[in-house]
Amino acid sequence: MPDKILTGRESLGIEFGSTRIKAVLVDEQCNPIASGSHNWENRLENGIWTYHMQDVFLGLQDAYNKLNADVESKFGAKIKCLASIGISAMMHGYMPFDDNWNQLAEFRTWRNTITAEAASKLTKEFNFNIPQRWSIAHLYQAILNGEEHIKDIAHITTLAGYVHFCLSGKNVLGVGEASGMFPIDSALNSYNEEMLDKFSSLDDVKKYDWDIRSILPQVLTAGGNAGNLTEKGASLLDTSGNLQPGAVMCPPEGDAGTGMTATNSVAQRTGNISAGTSVFSMVVLENQLSQVYEEIDMVTTPTGKPVAMVHCNNCCTDLDYWVNIFAQYSKLCNNDISKPQIYDMLYNCALDANKDCGGIVSYNYFSGEPVTKMPAGRPLFARTENCSFTLSNFFRSLIYSALATLSIGMEILEKENVRIDRLTGHGGLYKTPYVGQKLTAAAMNTPVAVLDTAAEGGAWGVAVLARYAVDNSRETLEEYLDKKVFTGLKTTVVEPDAQDVDGFKKYMKIYKSGLSVEKSAVENLNKE
């Protein structure tokens, strides 16, 4: 008989990642007590990276059902009541709807690099960097393309915002996620009024009946009233009909905001690195940057503080493909070695490599990479004629490749004298203890911390935000995290090693010089 009981005061966090939908249940102290997940993949259809909405909701239900199975095995009963729920998803992208919430175009994800013209024009118009994946860039590009659906738009939102709407009936977004739809005025914690006016005055925009203010979701900060789970939403989430409506819904956030929460990186001079399918760093600023940089996205924390973000489209995908090759070889040799074991062996093997990878270089570009102005992706592995071609050098180069483009963007913050006490890492790159941490510290030349809860990631982060929303705390989110959530959590910190730092710099010298080779591969390596 289970010795634990459900109280109905638990909080649920669900995050739609690029390859996995994860649900995490936490108790009143924010401790993870159960989880469930569903694997999925994006599709490249007609040149657009997308997910079908049927897959969104089937995946949501499967992750919740698996969570319920975990709960039943631990507590002897399934979930009936929840105190609060939080929804998070891969950031931004484009989801347009008509007045009846009928979807007007395919979900265009963050991974697409099809909005260069719009992003460039808006950046110039606003004097503010508009990245290609932002919702406003997608909207304006569709306008420039003359797409038929534009005239019928009544709402645009993100995946997190849409799932939240389906569960609560409220068309709202957390300020961190909203800051990737349209620029935010941190003094008001809402969309920048001057830029809204500038967008509305564009000749291409004025011919439509809708107003940009009316089609964007309402902006809320962490702890704000984002509605409650409706009866319809409860039935959508729990197909068994066991879950009761009424749970408080926290403002939906993107994976950037939940990553900051999950790593206690919402205060000034803190930062985090999220390393999974994509990789991005978030640094909470003390002062604004001196100028606009195309490589730096200005977003916010879940409470609206300005954040400098370096976002790169490619991180661990190429690593996973190579590990699959080793898994196939292991099977061919009749060795019963699991994929996680292979990961651990190869990661630890990388510690024995030359600090600069001995003349081996890898480009992990499965999709385009705006930071290096690469319009599309072609994974590429190369080596010099006199390289030290060893397994350890090979795999260290793959890990370096996962961090290389991020380091190029972070060089700008270094030149801006942005102060970072330390970076906290979470995501797949840090599943093997120590190795990813050590090599990230070398690449960033900054201490890197990893928390005990790193494996739970953004799903746990949005569960914490859900808990914050229902606790009616008068504390700021920063105080709440410090005093209630992260007290006593084990943290491992790795300082940068001088030889590793020097080795990574040498690797990057070859990497940067070889970007012209990668560009040529994009231009000349085609299926046809």
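Residues numbered from 1 in each chain as written. Predicted model: local features only at pLDDT ≥ 70, side-chain atom pairs only at ≥ 80, totals over all residues. Heavy atoms only, no water.

Trainee: Whenever I open this one, the side chain of N192 confuses me. Can you help?
Mentor: Take N192: it is sitting in the loop between strand 11 (190-191) and helix 6 (193-200). At 3.1 Å, the side chain of N192 and the backbone nitrogen of E194 are in polar contact. A polar atom in the side chain of N192 sits 3.0 Å from the backbone nitrogen of M195. In this structure N192 touches F182, P183, I184 and D185, once residues within four positions along its chain are discounted. (Helix = DSSP H or I, 4+ residues; strand = E, 2+ residues; numbered from the N terminus. Polar contact = N/O pair within 3.5 Å; in protein donor to acceptor, adjacent residues only side chain to side chain. Contact = heavy atoms within 4.5 Å.)

Trainee: How do you make sense of helix 2 (residues 116-126) when you look at a structure like this?
Mentor: Because the α-helix completes a turn every 3.6 residues, residues three or four places apart line up on one side. For helix 2, the set of buried residues is A118, A119, L122, T123 and F126. Take helix 2 and look down its axis: the buried residues cluster within an arc of 130°, on one side only. Looking at the buried side of helix 2, the elements it contacts are helix 3 (135-144) and helix 6. A positive backbone phi angle near 55° is found at N127, which sits one or two residues after helix 2. (Buried < 20%, exposed > 50% of the residue type's maximum accessible area, 1.4 Å probe, protein only. Arc of directions from axis to C-beta.)

Trainee: Explain unusual backbone geometry to me, please; I cannot follow it from the model alone.
Mentor: Phi is mostly negative for residues that are not glycine, and the peptide bonds are mostly trans. Here the phi dihedral of N264 falls at roughly 55°; this positive angle occurs in a residue that is not glycine. By secondary structure assignment, the location of N264 is in the loop between helix 10 (255-262) and strand 15 (270-275). Taking the relative accessible area as the measure of exposure, N264 reaches 21% and is therefore partly exposed. Unlike most non-glycine residues, N445 shows phi in positive territory, near 50°. Within the element layout of this structure, N445 appears in the loop between helix 14 (435-444) and strand 22 (448-451).

Trainee: Would you mind going over the packing of helix 10 against helix 15 (residues 457-470) with me for this structure?
Mentor: Taken N-terminus to C-terminus, the directions of helix 10 and helix 15 make an angle of 80°; their axes are 7 Å apart at the nearest point. By the angle between their axes, helix 10 is roughly perpendicular relative to helix 15. Only G457, G458, W460, G461, V462, V464 and L465 of helix 15 make contact with helix 10, whose side of the interface consists of T258, T261 and A262. Of the residues belonging to the contact of helix 10 with helix 15, the class tally is five nonpolar, five polar and no charged. (Axes fitted to C-alpha atoms, helices over the stretch in contact; angles between N-to-C directions. Parallel < 35°, antiparallel > 145°, perpendicular 65-115°, else oblique. Nonpolar A, V, L, I, M, F, W, Y, C, P; charged D, E, K, R; others polar.)

Trainee: Would you mind showing me how to read the state of the cysteines here?
Mentor: Put plainly, two cysteines are in a disulfide when a covalent bond ties their sulfur atoms together. The tally for this structure, following the rule as stated, stands at zero disulfides. Distance from the sulfur of C333, which forms no disulfide, to the nearest cysteine sulfur (C349) is 16 Å. Free cysteine C387: the closest other cysteine sulfur is in C357, separated by 11 Å. Taking relative accessible area as the criterion, C387 reaches 16% and is therefore assigned buried. (Disulfide = S-S within 2.5 Å.)

Trainee: So what exactly am I meant to see when it comes to the pairing of strand 18 (residues 306-312) here?
Mentor: Within a regular strand, side chains alternate between the sheet's two faces. Counted residue by residue, strand 18 has six buried out of seven residues, so it is predominantly covered. One ladder, built from six bridges, connects strand 16 (residues 279-284) with strand 18; its direction is antiparallel. Looking at the pairing, V279 lines up with C312 of strand 18. With four bridges joining them, strand 17 (residues 297-300) and strand 18 adopt antiparallel strand pairing. The residue of strand 18 that forms the bridge with T300 is P306. (Pairing = 2+ DSSP bridges.)

Trainee: Teacher, can you tell me more about empty space enclosed by the protein here?
Mentor: Gaps left between atoms are located by rolling a probe of water-molecule size over the structure's atoms. Evaluated as defined, the whole model comprises two cavities of 30 Å³ or more. Empty space within the largest cavity amounts to approximately 50 Å³. When contributions to the lining of the largest cavity are tallied by element, the ones reaching two or more residues are helix 5 (175-178), strand 14 (253-254), helix 10 and strand 17. Top element by residues in the lining of the largest cavity is helix 10. It accounts for four residues. In this structure, the second largest cavity occupies an estimated 30 Å³ of space. (1 Å grid on protein atoms, 1.4 Å probe; cavity = no way out; pocket = protein on both sides within 12 Å on 5 of 7 lines; lining within 4 Å. Points joined across faces, edges and corners; volume = space filled by probe spheres on them.)

Trainee: Would you mind going over the environment of L12 with me for this structure?
Mentor: Along the chain, the position of L12 falls in strand 1 (residues 11-16). Residues L12 and A382, spaced 370 residues apart in sequence, show a C-alpha to C-alpha distance of 45 Å. With sequence-adjacent residues up to four places away left out, L12 is seen in contact with A23, V24, L25, Y64, L67, L82, S84, I85, G86, L237, A463 and A466.

Trainee: How should the sheet that holds strand 18 be read in this particular structure?
Mentor: With respect to topology, seven strands assemble into an open sheet ordered 17-18-16-15-21-22-23, the strand pairing being mixed. The open sheet is flanked by strand 17 and strand 23 (491-494), the only strands paired with a single partner. Averaged over all pairs of adjacent strands, the angle between strand axes in this sheet comes to 30°, irrespective of strand direction. The pairing of strand 22 with strand 23 spans four bridges and is antiparallel. In the strand pairing of strand 23, A449 is matched with V493. Running at roughly 25° to strand 16, helix 13 (residues 391-415) makes contact with strand 15, strand 16, strand 18 and strand 21 (422-426) of the sheet.

Trainee: What is the right way to look at the side chain of H38 in this model?
Mentor: With respect to the secondary-structure elements, H38 resides in strand 3 (residues 32-39). Polar contacts involving the side chain of H38 include one to the side chain of D62, which spans 2.7 Å. Setting aside residues no more than four positions away along its own chain, H38 makes contact with T19, R20, I21, G59, D62 and A63.

Distances and angles like these do not, on their own, reveal function.
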